Amino acid sequence: MTDAPDTPHIIQEPRCWSGGRWTAQVIKNEDDDGWAVAMTLKGEAEPALVGPWTMGRDKKNPKPLDVSAFHTLVKTASEVVRRHEQQLHAQLNKSVHITTADGQRLRVALAIVPDEEGATATLSAQDELGEEVARASAPPTFKLTPASAAAWAEGGFQRVR
């Protein structure tokens, strides 16, 4: 009988543990005589986290992985991935609040969509109730500031070039 493709493959070896989504691999630290542990998310080519690993009692070989160490590593690696995703989201999505010449308060947002063949960006404006009042294309290099948002609004929310 074979496992279904979505059935997690569980490995529990002294130098390699896998719980389905994450794999912990104890590796020789190339920079010195110690050991490191690499945490890799299923489907990813590179580890999300690489950190030092404890030496065993013989001061030569690494301490074996165990269930509590694996769960701690999963928690830490998941937090690293989450922070990376938050940082990327913050880089790609910015917003400012402005008041137009006629006294309308708006939230102007820039959303950048990365793409290997060319990123795209969209400017949008929402009123105080969250209703969208305008949307236009913008270059992904557009710098959103209160001044540039106000200029866009005063210019009739035209496409930014």
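For the structure, see preceding data.
First, a word on scope: everything that follows refers to the structure included in this document.

## What about the packing of aromatic side chains?
Then, in step 1: One pass over the structure, following the stated rule, counts two aromatic pairs.
Then, in step 2: Ring geometry for W17 versus F70: centroids 5.9 Å apart, planes at 35°, classification tilted. With W17 in strand β2 (residues 16–19) and F70 in helix α1 (residues 67–92), the pair connects residues that are 53 residues apart, well separated along the chain. Across the pair, F70 and W17 agree in class, each one buried.
Then, in step 3: Aromatic side chains W152 and F157 sit 4.9 Å apart centroid to centroid with 80° between the ring planes, which places their arrangement in the edge-to-face category.
Then, in step 4: By relative accessible area, F157 is classed as partly exposed at 23%.
Then, in step 5: Between the NZ or CZ atom of K28 and the centre of the ring of W35, over which it lies, the distance is 5.2 Å.

## Details of helix α2 (residues 146–154)
Then, in step 1: Regarding α2, the residues found buried are S148, A149, W152 and A153. Buried residues of α2 fall within an arc of 140° about the axis and therefore sit on the same side. Opposite the buried face of α2, by more than 90 degrees, sit the exposed residues A147 and A151.
Then, in step 2: Against β6 (93–99), β7 (105–113), β8 (120–126) and β9 (132–138) lie the buried residues of α2.
Then, in step 3: The first or second residue beyond α2 is G156, which carries a positive phi of 85°.

Definitions and cut-offs
- Residues numbered from 1 in each chain as written.
- Predicted model: local features only at pLDDT ≥ 70, side-chain atom pairs only at ≥ 80, totals over all residues.
- Heavy atoms only, no water.
- Phe/Tyr/Trp six-rings, centres within 6.5 Å; stacked < 30°, edge-to-face > 60°.
- Helix = DSSP H or I, 4+ residues; strand = E, 2+ residues; numbered from the N terminus.
- Buried < 20%, exposed > 50% of the residue type's maximum accessible area, 1.4 Å probe, protein only.
- Lys NZ or Arg CZ within 6 Å of the ring centre and 35° of its normal.
- Arc of directions from axis to C-beta.
- Contact = heavy atoms within 4.5 Å.

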